[in-house]
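The lines below spell out each chain.
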Amino acid sequence: MGKRKVEEFLPDECHRRYCCVHCRAHLANHDELISKSFQGSQGKAYLFNKVVNISCGRAEERFLLTGLHAVADIFCSSCKTTLGWKYEHAFEASQKYKEGKFIIELAHMVKDNGWD
Ligand SMILES: [Zn+2]
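As recorded in an unreviewed UniProt entry, the protein chain goes by the name Protein yippee-like, listed as coming from Geodia barretti.

## Points about the overall build of the protein chain
A count of helical and extended segments in the protein chain gives 0 helices and 9 strands. For the protein chain, the succession of helices and strands along the chain, N to C, is β-β-β-β-β-β-β-β-β. In terms of C-alpha radius of gyration, the protein chain reaches 14 Å, essentially the compact-globule figure of 13 Å for 116 residues. Here the protein chain holds 116 residues, and 41% of them are scored as buried. Restricting to contacts in the protein chain with at least 6 residues of sequence separation, those with at least 24 account for 46%. With an accessible surface of roughly 6900 Å², the protein chain has 50% of that area assigned to carbon and sulfur atoms.

## What about the coordination of the zinc ion?
Ligation of the zinc ion by protein atoms is provided by Cys-20 (SG), Cys-23 (SG), Cys-76 (SG) and Cys-79 (SG), these donors lying 2.3 Å from the ion. Ordering the donors of the zinc ion by residue number gives the pattern C-x2-C-x52-C-x2-C. Remark: Cys-76 occurs in strand E6 (residues 67–76) and Cys-23 occurs in the loop between strand E1 (17–20) and strand E2 (26–29); sequence separation between them is 53 residues. Exposure remark for Cys-23: the relative accessible area of 27% places this residue in the partly exposed category. In this structure Cys-76 comes out as buried when scored by relative accessible area, which is 0%.

## Looking at the layout of surface pockets
Its boundaries defined by the atoms lining it, the largest pocket holds a volume of some 180 Å³. The wall of the largest pocket is formed by Phe-38, Gln-39, Leu-64, Leu-65, Thr-66, Trp-85, Tyr-87 and Lys-98. Among the secondary structure elements, those contributing two or more residues to the lining of the largest pocket are strand E3 (33–40) and strand E7 (82–90). Here the lining of the largest pocket is composed, by residue class, of 5 nonpolar, 2 polar and 1 charged.

## A look at the nonpolar core
In this structure, Leu-27, Phe-48, Val-51, Ile-54, Leu-83, Ile-104 and Met-109 are the most contacted members of the largest nonpolar core, which totals 16 residues. In this view, Ile-104 contacts Leu-27, Ala-45, Tyr-46, Phe-48, Val-51, Ile-74, Leu-83 and Met-109; residues no more than four positions away in its chain are not counted. Within the second largest apolar cluster, 7 residues are counted, among which are Ala-45, Leu-47, Val-71 and Trp-85.

## Here we look at the pattern of salt bridges
Scanning all chains against the criterion turns up 5 salt bridges. For Asp-112, the salt bridge goes to Arg-17, with nearest N and O atoms at 2.9 Å. Taken together, the positions of Asp-112 in strand E9 (residues 109–112) and Arg-17 in strand E1 put the pair 95 residues apart, joining distant regions of the chain. A relative accessible area of 26% places Asp-112 in the partly exposed class. On the basis of relative accessible area, Arg-17 is assigned to the buried category, the value being 6%. Salt bridges linked by common partners bring Glu-60, Arg-62 and Asp-73 together as one network.

Rules and cut-offs
Within each chain, residues carry numbers counting from 1 in the order of the written sequence. Only residues with pLDDT of at least 70 get local features here, since the model is predicted, and only at 80 or more are side-chain atom pairs given and counted; chain-wide, interface and lining totals rely on the full set of residues. Excluded from the side-chain calculations are hydrogens and water; all other atoms, namely the structure's heavy atoms, are used. The secondary structure listing takes helices from DSSP runs of H or I that are at least 4 residues long and strands from runs of E that are at least 2 residues long, numbered from the N terminus. Here the globule rule is a power law, 2.2 Å times the number of residues to the power 0.38, and the radius of gyration is based on C-alpha atoms. Working definition: with a 1.4 Å probe on protein chains only, accessible area under 20% of the residue-type maximum means buried, over 50% means exposed, and in between means partly exposed. By the convention used here, residues are in contact when the closest approach between their heavy atoms is within 4.5 Å. Under the convention used here, a 1.4 Å probe and the Shrake-Rupley method define accessible areas, while residue burial counts only the protein chains that appear. Metal coordination here is assigned from N, O and S atoms located within 2.8 Å of the ion, or within 3.2 Å for Na, K and Ca; omission of water means that sites may look incomplete. The method works on a 1 Å grid over the protein atoms by themselves. A cavity is a set of points holding a 1.4 Å probe that cannot get out, a pocket is an open set with protein on both sides within 12 Å along at least five of seven lines, and residues with an atom within 4 Å of a point line them. Grid points are joined across faces, edges and corners, and a volume is the space filled by probe spheres set on the points. Basically, the charged four are Asp, Glu, Lys and Arg, the nonpolar ten are Ala, Val, Leu, Ile, Met, Phe, Trp, Tyr, Cys and Pro, and anything else, Gly included, counts as polar. The definition of a nonpolar core used throughout is a set of buried Ala, Val, Leu, Ile, Met, Phe, Trp, Tyr and Cys residues joined through side-chain atoms within 4.5 Å. The rule for a salt bridge is simple: a side-chain nitrogen of Lys or Arg has to be within 4 Å of a carboxyl oxygen of Asp or Glu.

So this is what it looks like as structure tokens:
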């Protein structure tokens, strides 16, 4: 019986954020969004600089549209749903900006707090 991991909450003053669509755990601030032009297995996916309440699987090398990358699946640490992946390593110089960044599929996110 491990200790239950305490859920992190993003500060309220930072308005627009994304939550897990399944359990409403906070995932990322809109300010951390880098790009909306990614494609996941279930459609559109967003690239984030920083996310919270996720756990990482083992990194493995995969050939993606943009070349060879080492990526790890990421899960919601609250409800354990697979949300997307993390770029651990990019082998192409032009893709290095993705290293240490996170992809979350749009299908797993819901917008929360002050979007309009
Ligand atoms: Zn969740």
